[in-house]
There are 2 protein chains.
Amino acid sequence: MSEPSDRPSRPASKPSERPSWLEIAADDPFGVHNLPYGAFDPGDGSRRLGARIGDRVLDLAALERAGLVEARGTLQAATLNPYMALGRPYWKAVRDRLTELLTDQIFRYRVERLLVPLADVTPGLPFEVGDYVDFYSSQEHATNLGRLFRPGSPPLLPNWKHLPIGYHGRAGTVVVSGTDIVRPNGQRKPPDAPAPTFGPSQRLDIEAEVGFVVGAPSSLGTPLTTKDFYEYEFGVVLHNDRSARELQAWEYQPLGPFLGKSFATSVSAWVVPLDALAQARVPAPEQSPPVLPYLADERTGYDIRIEVVWNGTVVSRPPFSGLYWTPAQQLAHLTANGASVRPGDLYASGTVSGAKRAEVGSFIELTWGGAEPVTLADGRTRTFLEDGDTVTLTATAPGLDGTVVGFGEVVGRIQPPRR
Amino acid sequence: MSEPSDRPSRPASKPSERPSWLEIAADDPFGVHNLPYGAFDPGDGSRRLGARIGDRVLDLAALERAGLVEARGTLQAATLNPYMALGRPYWKAVRDRLTELLTDQIFRYRVERLLVPLADVTPGLPFEVGDYVDFYSSQEHATNLGRLFRPGSPPLLPNWKHLPIGYHGRAGTVVVSGTDIVRPNGQRKPPDAPAPTFGPSQRLDIEAEVGFVVGAPSSLGTPLTTKDFYEYEFGVVLHNDRSARELQAWEYQPLGPFLGKSFATSVSAWVVPLDALAQARVPAPEQSPPVLPYLADERTGYDIRIEVVWNGTVVSRPPFSGLYWTPAQQLAHLTANGASVRPGDLYASGTVSGAKRAEVGSFIELTWGGAEPVTLADGRTRTFLEDGDTVTLTATAPGLDGTVVGFGEVVGRIQPPRR
């Protein structure tokens, strides 16, 4: 990344050779090793791009206008989409440059004034969502849901180990963390009821997931391969695919989930760059039977550890690393028929559930369909979400040199229906 | 709609009192009674909005710049989305004004120069698709597909008559008429095969549908009612939901269609305003059992008659008027859980099939799963689409004073896979 010509030319500095001028604890999950991207309202109703560093936000729009970083003007946009569309060479150059600016003392005077306290801004949705796809990659979750939704049948359907099952969700109702969630109304019919009824969902649930944000566009008619993952994938968000279980159970045959899922999907406000997760790579589970060649991959998973907090009580710790299908396989599968991807496309892992009850990513699993309530720290019991409840998802992953990479939280409070 | 002040003030003219200065046959399906909207490339790679009139296109961007129509600058955009977002009062005022400009002699000199021959331009996708939902509203189609996909089970599932079944499709692969269709690759497994295989779809199909384009946005958390339909709905397109049947059959349990549908969906280049279809309203079929109150509506269907032309041979004439679920019910249903709509959201009827074999909207029905080939005018037989095949959908509906409202065609040629 070159410097504008009106400033003295300097040899490129290497961050690791210099002490950081930032006062950030070594164990801060939002240190220079992370630098997630977001879009924030500085307080005037506008929306601008920023990078989170500790408890501050670096104003990327101002940084680019000052000539300190160059991304073809895309950092002036209100969403990450134009920047993401530039592709990996730009993502790498900008990330390297941000690291340099935040660690080299020579830049301190000019950069420090562009840091805004996180507490003074309101994070918005960091990108405009193109298409949203939700996968179903946890064998434990698919088995649990199969048992609960289709009792008496084999829980895992014959196709599950041959392809990453997924479906398109509603992109227009993806909301940023902090957005209140209005309890959905809908139709439901218990198997023994004579007719369906309509009303507020009584089985309102969460699904703790990891979302993958596509950066670079592909061409219609040309599939991507599992090897294209690093070229096209920009970053990662935490993801809560909110679900109304009795609506879903009544509507989902034969065309899949619709209103049981489309009322709100919450994502974290900060997109963790894929490059910040290089140290979090772990081997993904081996697959048996072997997959078809177009799905063969290097079996790279990510050691992302999620926490699910219900009204202040940690109720589960879903481990992302155990998922059967990798995000590289998901990208190859969703484009195998020639479907194209766009900057801002979002595809999520599906509910992350481990083998133990304390590792499941949904309350329908945690309370086994509502039959086994949980008791929270305040002594109250819960099966599904009640009005006023708040669920917070957080996550961490191993970072560079023993650091920890933090994800922005995903939080939302349940409100009663409006009609 | 007021005139700019630098031109002489005139009393508002009423179109019906004046002869049209346009030389258009009374039976032209694209007369002044229709005026569908589109976006066209004038030949320089740019994209501008236009209204089709006969075999010409009125350049709406130039018209607004000339001060002849006023829509807050939205007619300067490359897509209809900003204009649609203005809402019905603007849609009505602009439509009235276009009618006035095209019928009152006084405007002839200034307007005629803004008409471009249709043959000189390339129509593009008229709007940026927000969310795309595909419904399943033909009882005949749902019954036929149930028989073909689930032989031995009741073809119509228990929920079908209680709610308009639908699912989200891929918005990013909606393409305009004329776009070549690359045959999709994919996984399939016949029931008696030991394992799935991957390759070009051998059961490539069409689905003849009518698409509804949402114009005005709604608020997240606030459902719309069936009465809100006229307020939010901007117009109508013809729609071909291309389908790869053996991919769909293998993947669709339990989360619905995914790659069997997501490779390409073709829409017509011209959006027929809902206001042009006032004379096409017909009573929709009565529903039994009665629907829940949130789905109760005035039972308004539209007498839209589709023709399916396969390599030049008319193979079917699906009648839209017989659909069980109306577009007003679909809009109320898809927002019943509080999901919001955006300008550019597209929801389609699902395959339009009548009771007779000559009225079905898909080839899997026309050839009964491929078991009963059809013979085209060139003497060749077909079951599903072959490379080089072209299918054209056209449609008409009754218009004002005995006229006919035409829809733009939906056409696409099948190309072999690229990989």
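Within each chain, residue numbers correspond to sequence positions counted from 1 in written order. Working convention: letters from A go to chains and numbers from 1 go to ligands, in the order in which they are written. Side-chain atom pairs in this predicted model are given and counted only at pLDDT of 80 or more, local residue features only at pLDDT of at least 70, and totals for whole chains, interfaces and linings cover all residues. Note that the side-chain values use all heavy atoms of the structure and ignore hydrogens as well as water.

## Some remarks on the interface of chain B and chain A
We call two residues contacting when some pair of their heavy atoms lies within 4.5 Å. If you look at the interface, chain B gives 60 residues, while chain A gives 60 residues. Once two parts are joined, some of their accessible surface, as seen by a 1.4 Å probe, is lost; buried area is that loss totalled over both. Summed over both sides, the interface between chain B and chain A buries roughly 5,800 Å², with carbon and sulfur atoms accounting for 60% of that surface. The rule for a salt bridge is simple: a side-chain nitrogen of Lys or Arg has to be within 4 Å of a carboxyl oxygen of Asp or Glu. For the pair chain B and chain A, the number of links is two salt bridges. Across the pair A:D345 and B:R170 runs a salt bridge whose closest N-O atoms are separated by 2.9 Å. Throughout this description, a polar contact denotes any pair of N or O atoms lying within 3.5 Å of each other; where both atoms belong to protein, one of them has to be capable of donating a hydrogen while the other can accept it, and for residues adjacent in sequence the pair is counted only when both atoms sit in side chains. The tally of links between chain B and chain A comes to 26 residue pairs in polar contact (both at pLDDT 80 or more). To qualify as a helix, a DSSP run of H or I must reach at least 4 residues; to qualify as a strand, a run of E must reach at least 2; elements of each kind are numbered from the N terminus. Looking at the side of chain B that touches chain A, the elements with two or more residues in it are strand 6 (132-135), strand 7 (166-169), strand 10 (185-188), strand 11 (197-200), helix 7 (245-251) and helix 8 (327-335) of chain B.

## Here we look at the sheet that holds strand 4 (residues 115-117) of chain A
Residue and element names in this part refer to chain A. Note: two strands are recorded as paired if DSSP finds a minimum of 2 bridges between them. In space, the five strands of this open sheet follow the order 4-3-2-1-5, with antiparallel pairing throughout. On the outer flanks of this sheet lie strand 4 and strand 5 (122-124), each paired with one strand and no other. Looking at each pair of strands side by side, their axes are set apart by 50 degrees on average, direction ignored. Direction of pairing for strand 3 (residues 56-59) relative to strand 4: antiparallel, over a ladder of three bridges. Directly across from V57, in strand 4, lies its bridge partner V116. Only the stretch in contact is used when a helix axis is fitted, and all axes are lines through C-alpha atoms; the angle between N-to-C directions ranges over 0 to 180 degrees. The strands touched by helix 3 (residues 88-103) within the sheet are strand 1 (37-41), strand 2 (48-53) and strand 3, with strand 1 carrying the most contacts at an inclination of about 70 degrees.

## Comments concerning the sheet that holds strand 4 (residues 115-117) of chain B
Residue and element names in this part refer to chain B. Judged by pairing direction, the sheet is antiparallel, and its five strands sit side by side in the order 4-3-2-1-5 without closing on themselves. Whereas interior strands pair on both sides, the edge strands pair on one side only; in this sheet they are strand 4 and strand 5 (122-124). Here the average twist between neighbouring strands, direction ignored, is 50 degrees. Across the face of the sheet, helix 3 (residues 88-103) comes into contact with strand 1 (37-41), strand 2 (48-53) and strand 3 (56-59) while running at roughly 70 degrees to strand 1.

## Quick look at the side chain of B:T367
Residue and element names in this part refer to chain B. If you trace the backbone, T367 turns up in the loop between helix 9 (363-366) and strand 23 (374-375). Polar contacts involving the side chain of T367 include one to the main-chain carbonyl oxygen of F363, which spans 2.8 Å. Non-local contacts of T367, meaning those with residues more than four positions away in its chain, are made with R357, E372, P373, V374, R382 and T383.

## Looking at the domain arrangement of chain A
Residue and element names in this part refer to chain A. Source of the domain bounds: an automatic or database domain assignment. Taken domain by domain, chain A consists of domain 1 (37-124) and domain 2 (132-415). Measuring from the centre of the C-alpha atoms in domain 1 to the corresponding centre in domain 2 gives 29 Å. For the domain 1 and domain 2 pair, buried surface summed over both sides reaches about 1,600 Å², with 65% attributable to carbon and sulfur atoms. Area buried by domain 1 at its contact with domain 2 is led by Y37, M84 and R88, which between them contribute 39% of it. Here domain 1 is connected to domain 2 by one salt bridge. Between R88 and D275 there is a salt bridge whose closest N-O contact spans 3.0 Å. Our enumeration of links across domain 1 and domain 2 arrives at five residue pairs in polar contact (both at pLDDT 80 or more). When contributions to the side of domain 1 that touches domain 2 are tallied by element, the ones reaching two or more residues are strand 1, strand 2, helix 2 (81-85), helix 3 and strand 5. By residue number, the principal contributor to the side of domain 1 that touches domain 2 is helix 2, which donates four residues. In this classification, Asp, Glu, Lys and Arg are treated as charged, Ala, Val, Leu, Ile, Met, Phe, Trp, Tyr, Cys and Pro as nonpolar, and every other residue, Gly included, as polar. Here the side of domain 1 that touches domain 2 is built from residues that sort into 10 nonpolar, five polar and three charged.

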